[in-house]
Amino acid sequence: MRRSLHYCISQWKQYSLVSASAKNSSLWNLQLVHTHGTRQTQTRMVASLNSAERFHSQGCSLGPEKKEHLANPLVGAPAPNELQSHASQTHRSSLFLEHLQHCGSPSDVLDLTCEYTPRQVSNCLMQMWASIKKMSDEKRRCELQLMFEHPAFEMLLQNAMMNVGSIRNDSMAYSLLAMVNLGVPQRSRVVHVYLRTCQEKLNDFDEKSLSILSSVLEVMESSPNVDALKHGLRMVIATRLPQITNVVALQTAMRLLGKDTSLDLKRKLEQKALSMTDQFSPPNTQYMISTMAKMGFYSKPLLQICSEKIADSLHGVPLNRLLTVLQSFRELRYRDRALFTSISDYIASTVDIWSQKEVILFLSVFESLAFCPAALMAAFAEKVITNPDALTLKDLLCVLKVYSSLNCDLQQNREQFLQSVSQAVDAYLPKMSAYDLLKTCYYLCLLGHFPSAPLEKLLQGSTLEVLRSREKQHRRQEHMFQTVHLCLHLDQPVLPRPLSVPPPMLGDVPANDPPVKLLQLLPQVLGDRADVALQEMVVAENLYFIDAVISKPVANQSEEACSQAEQTERIAVLCPAPSAFCFGTSTPRGPLAVKLRHLKVLGYFPILITEQELKSEEEAAELLRAQIFPGRQTLSSTTST
């Protein structure tokens, strides 16, 4: 009986323990569900209360929710089926990421967040940005509007703000980058929460995170948080510079440091970049040049290395990157004749596969660099001759500017090219503004071509009145009218009726600084010759400045000369600026070429000596003697253009 009683008591205890355990488990699950539901309810309430202030510009307080989370003892307690719950969450997370990769628009991502509670907020934001990057402008505008109107977008940003302290540093930087690129207001609360958190954790950012952060700060507007973060980032970069091993990270850091960086730090960056040149891939090389332009830092050794690497891999460089490289060279005032020639030859050899606008863009950039891409200009001239009607008005003006400025010798194609562009000019004549018409006539005059229709329209009273009332670029306008006037007067083109520019349109003669070194050197070159006369700063035709005119007897002149003028030759000595020549050559550009042409018409024999040649006094003196005192035939052959 005692044994039976003991057995019954033990069975009753086991039953009671199982019942209590089951009861407690049910209570645990109920309380967990209740707690989760409370947080969701609070979140929805907070979002609705702040709906008038989008993106939490004045924000909601997250304190009560955090306090509830800490105060509830059940939240931190281990779940009875912890392993099973963890496996389920992992499965749902991987399933969510799989679906996320297939989202084709921001709205798709937001719809997905309604089905799953997203833990990877950074992934969501980056997928939203990645999905619209390659869209057309119109489609992107529509998608962004749908995104901002989507009810889940506010919740996603609130989730991003709530979890900012618990995400990895690179995810934080990626999230900030995505929000800025998606157009979330930069002065909104969510953006500034991320900026402040980045400031707090900046010392813990690795190389990758710093690169991402640099990229986003580069496009952000100035604000106290942005400026403070930029300043802190500069300090971190300067401290960690020796440890940077990634070329992209170095370039991104260089771009962020910008033009305000001290010269000492720029030199350190230069040395770091030079030590990593063996790691430069072709994109690294191209990006380094634009990075230096962004910094406003000229490093000849680094530019030379990058130029050589680009020349070696020229056929694999996209055209838009080549354009960026050339534009960066212009900003840095750096020129590499070998690279420019290689680019010109490459595009000329493949001119048929590029669009007309792409080729014209290259011609325009080369003109801004004062480089004459002879091969490309010859190849494109043939395309213009074949189909001049393909040129738009904007293209036509650009082509005329390039060909007149660079004074390219098209040889046997010259006349055909000029006739083709004249045909295009006549077609656009009714649509041209007065100023475009003036530019067109100016470019054609530089080319030595004088079609009557545009000149007659330019010199009509109504056109002149429009230009006279124009206030912008007044000095430039006067210079163009002066050139047209001199061409009509000195070149004497054959026109249906005589044309001339009214004197009020010519303006005043521009001031010209005397070349001091040249004027000091010429008396030494001429010596005590009694039959040689020197005049300084002569003005011809009331518009052309001549630095010096040397009058001397003509060699081998016969005694039967009719007049004193025929027994004397006048030598015009000019010292043009380096910009008056095409880069790397002695070929004069358009305005100087016209001046030389007109001086010959006026009876002068022009001699050119550059500022570079004047740097060595002895060499300059020998050069001048050789050009001034030989026979006329030799002199003429050496100065012909």
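1. A word on the side chain of S422
Alright, step 1. Within the element layout of this structure, S422 appears in helix α21 (residues 414-428).
Alright, step 2. Within the local environment of S422, its side chain forms a polar contact with the backbone oxygen of L418, the two atoms lying 2.8 Å apart.
Alright, step 3. S422 has contacts with H449 and P451, leaving out every residue within four places of it along the chain.

2. Structural notes on the packing of helix α13 (residues 263-275) against helix α15 (residues 300-312)
Alright, step 1. Contact pair α13 / α15: the axes reach a minimum separation of 10 Å and the direction vectors enclose 30°. One element, α13, and the other, α15, form an angle in the roughly parallel class. The hand of the α13/α15 crossing is left-handed. Contacts between α13 and α15 involve E270, A273 and L274 from the first element and P301, L302 and I305 from the second.

3. A closer look at the packing of helix α17 (residues 337-349) against helix α19 (residues 374-386)
Alright, step 1. One way to put it is that α17 packs onto α19 with a least axis distance of 7 Å and a crossing angle of 25°. On the basis of their axis angle, the class for α17 and α19 is roughly parallel. Handedness of the α17/α19 crossing: left-handed. Contacts between α17 and α19 involve S344, D345, I347 and A348 on the former and, on the latter, A374, A375, L376 and A379.
Alright, step 2. Of the residues belonging to the contact of α17 with α19, the class tally is 6 nonpolar, 1 polar and 1 charged.

4. Focus on the sheet that holds strand β4 (residues 604-608)
Alright, step 1. Within the open sheet, the 4 strands sit side by side as β1-β2-β3-β4. Their pairing is mixed. The sheet terminates laterally at β1 (533-540) and β4, the two strands that pair on one side only. Averaged over all pairs of adjacent strands, the angle between strand axes in this sheet comes to 35°, irrespective of strand direction.
Alright, step 2. As judged from the 6 bridges shared by strand β2 (residues 544-553) and strand β3 (residues 568-574), these two strands associate in the antiparallel manner. When the bridges of β3 are listed, P553 appears paired with T568.
Alright, step 3. Sheet strands in contact with helix α26 (residues 516-526) are β1, β2 and β3, and its direction is about 5° off that of β2.

5. A look at the packing of aromatic side chains
Alright, step 1. Using the criterion set out here, one finds 10 aromatic pairs in the structure.
Alright, step 2. With a centroid separation of 5.4 Å and an interplanar angle of 50°, the aromatic rings of F366 and F371 are classed as tilted.
Alright, step 3. Lying across the ring of F583, R335 places its NZ or CZ 5.9 Å from the centre.
Alright, step 4. Its end group placed over the ring of Y604, R570 keeps NZ or CZ at 4.1 Å from the ring centre.

6. Section: the environment of E207
Alright, step 1. Here E207 is to be found in helix α10 (residues 207-218).
Alright, step 2. With relative accessibility at 26%, the residue E207 sits in the partly exposed group.
Alright, step 3. Here the alpha-carbon distance between E207 and Q243, two residues 36 residues apart in the chain, equals 9.0 Å.
Alright, step 4. Dropping the residues within four chain positions of it, E207 is found in contact with Q243, I244, T245, N246 and A249.

7. With respect to the pairing of β1
Alright, step 1. Judged from the 7 bridges that link them, β1 and β2 form a sheet pairing that is antiparallel. In the sheet register, E536 faces β2, and the bridge partner there is A548.
Alright, step 2. If you look at the hairpin formed by β1 and β2, you'll find 3 residues sitting between the two strands, and E541 has a positive phi there, around 55°.

8. Some remarks on the confidence of the model for the chain
Alright, step 1. Residues of the chain with pLDDT of at least 70 account for 81%, and the chain-wide mean is 80.
Alright, step 2. Here residues 1-89 is modelled with pLDDT under 50, and outside its nearest four sequence neighbours on either side it reaches 56 contacts, counting other chains as well.
Alright, step 3. Here residues 632-641 scores under 50 on pLDDT; set against residues more than four positions off or in separate chains, the count is 16 contacts.

9. Details of unusual backbone geometry
Alright, step 1. Phi is positive for N407, close to 55°, though the residue is something other than glycine.
Alright, step 2. When you line up the elements, N407 lands in the loop between α20 (393-406) and α21.
Alright, step 3. With phi around 60°, N542 is a residue other than glycine that occupies positive phi space.
Alright, step 4. Along the chain, the position of N542 falls in the loop between β1 and β2.
Alright, step 5. Given a relative accessible area of 61%, N542 falls into the exposed group.

10. Details of the environment of L210
Alright, step 1. Relative to the assigned elements, L210 resides in helix α10.
Alright, step 2. Taking the C-alpha atoms as reference, L210 lies 7.8 Å from L233; in sequence the two are 23 residues apart.
Alright, step 3. Not counting the four nearest positions on each side in its chain, L210 is found in contact with L202, F205, L233, V236 and R240.

Parameters at a glance
- Residues numbered from 1 in each chain as written.
- Predicted model: local features only at pLDDT ≥ 70, side-chain atom pairs only at ≥ 80, totals over all residues.
- Heavy atoms only, no water.
- Helix = DSSP H or I, 4+ residues; strand = E, 2+ residues; numbered from the N terminus.
- Polar contact = N/O pair within 3.5 Å; in protein donor to acceptor, adjacent residues only side chain to side chain.
- Contact = heavy atoms within 4.5 Å.
- Axes fitted to C-alpha atoms, helices over the stretch in contact; angles between N-to-C directions.
- Parallel < 35°, antiparallel > 145°, perpendicular 65-115°, else oblique.
- Left-handed = near helix turned anticlockwise from the far one by under 90°.
- Nonpolar A, V, L, I, M, F, W, Y, C, P; charged D, E, K, R; others polar.
- Pairing = 2+ DSSP bridges.
- Phe/Tyr/Trp six-rings, centres within 6.5 Å; stacked < 30°, edge-to-face > 60°.
- Lys NZ or Arg CZ within 6 Å of the ring centre and 35° of its normal.
- Buried < 20%, exposed > 50% of the residue type's maximum accessible area, 1.4 Å probe, protein only.
- pLDDT = per-residue confidence, 0-100.

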